[in-house]
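Residues per chain, in single letters:
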Amino acid sequence: MVTKKPLAKTPAKVAPVKRRTPKPKAEQTINVSVAAPASAPKPEAPKTDAIGRITDLIKWVDNPFKLFTVILLAFLAFAGYFAWDSRQVILHAITTQDKMPQLAKQENLLAPARSLMKDVEGLVVLVHKANLATNSRTTVLALNFDGSREKTMEGTITSLFNASSDRNSAMVAMLNGEILCEEFKPSSKVGEWGVKQGVNFMCRGSIPPDMGKFAGYIAIGFKDKPEDIAALKTRINLAATDMSED
């Protein structure tokens, strides 16, 4: 009896193992920001100079006249309207106030004012007495178109320089011996009265008409702008000369 030997099992095939080559890792870039050194605080500007100037100004203002001068110049600087050169004209007029010619008496103002009204056919004529030391004006004469006096306006006191650029420019012009003619915008009770009379255009001239001499001024109003402004200014100067007393 023949014994059969068991057949040897064929070994199982094993798939070859693939070895993976490790991939090189990407280089990591680390950004390191270096903070800039903190800038040193800027030293504050010394305030001693400004404080010293203010102190000196306060010491200099030792009377009402100097106080008014400082206030007036400060107002002009704040308004920004006038050329800086005008300060000399204003200061000269203030400091020579005692030597200024005087306005003629009211009864002596009537004839030249009425004559001017008739010649140029104005609607109103106003004569103001000026006091630069107190920045005030007093209306001493107010005439209607027919030459009659408007006594309710006479005696009215208002400021010479105020917030009105039109009046301020006229003031500087008159201190320089000029006559300013322009469209009229009221800035006072007297001006409002003039508008009610129909005034849309006005000319203002110094009494007397000489540069640097300012006892007051004359203002004449019109409904419309006159055609011959040059002739009108000449006539106003003639009237202004008759309204002053040397």
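The structure presented is a predicted model; accordingly, all values stated were derived computationally and were not measured.

Caption draft 1: The packing of aromatic side chains, seen in detail. The final tally for this structure, using the stated rule, is one aromatic pair. Taking the centre distance of 6.3 Å and the plane angle of 15° together, the rings of Phe214 and Tyr217 count as stacked. Here Tyr217 falls in the buried class, since its relative accessible area comes to 2%.

Caption draft 2: Layout of the confidence of the model for the protein chain. With 59% of its residues at a pLDDT of 70 or more, the protein chain has an overall mean of 77. Within the protein chain, strand 7 (residues 216-222) carries the highest mean pLDDT (96), whereas helix 3 (residues 86-95) carries the lowest (56). Long-range and interchain partners of residues 78-85, a stretch whose pLDDT sits below 50, account for eight contacts in this model, where long-range means more than four residues apart.

Caption draft 3: Geometry of the environment of Asp224. Secondary-structure assignment places Asp224 in the loop between strand 7 and helix 7 (229-242). By relative accessible area, Asp224 is classed as exposed at 53%.

Caption draft 4: How the structure looks around the state of the cysteines. The full count for this structure, using the stated rule, is one disulfide. A sulfur-sulfur distance of 2.1 Å marks the disulfide that ties Cys181 to Cys203. Note on the Cys181 and Cys203 pair: the S-S dihedral is about 120°, so by sign convention the disulfide is right-handed. Placement of the pair is Cys181 in strand 5 (residues 180-183) and Cys203 in strand 6 (residues 201-207), with a sequence separation of 22 residues. For the pair shown, Cys181 and Cys203 are each scored as buried.

Calculation rules
Residues numbered from 1 in each chain as written. Predicted model: local features only at pLDDT ≥ 70, side-chain atom pairs only at ≥ 80, totals over all residues. Heavy atoms only, no water. Phe/Tyr/Trp six-rings, centres within 6.5 Å; stacked < 30°, edge-to-face > 60°. Buried < 20%, exposed > 50% of the residue type's maximum accessible area, 1.4 Å probe, protein only. pLDDT = per-residue confidence, 0-100. Helix = DSSP H or I, 4+ residues; strand = E, 2+ residues; numbered from the N terminus. Contact = heavy atoms within 4.5 Å. Disulfide = S-S within 2.5 Å.

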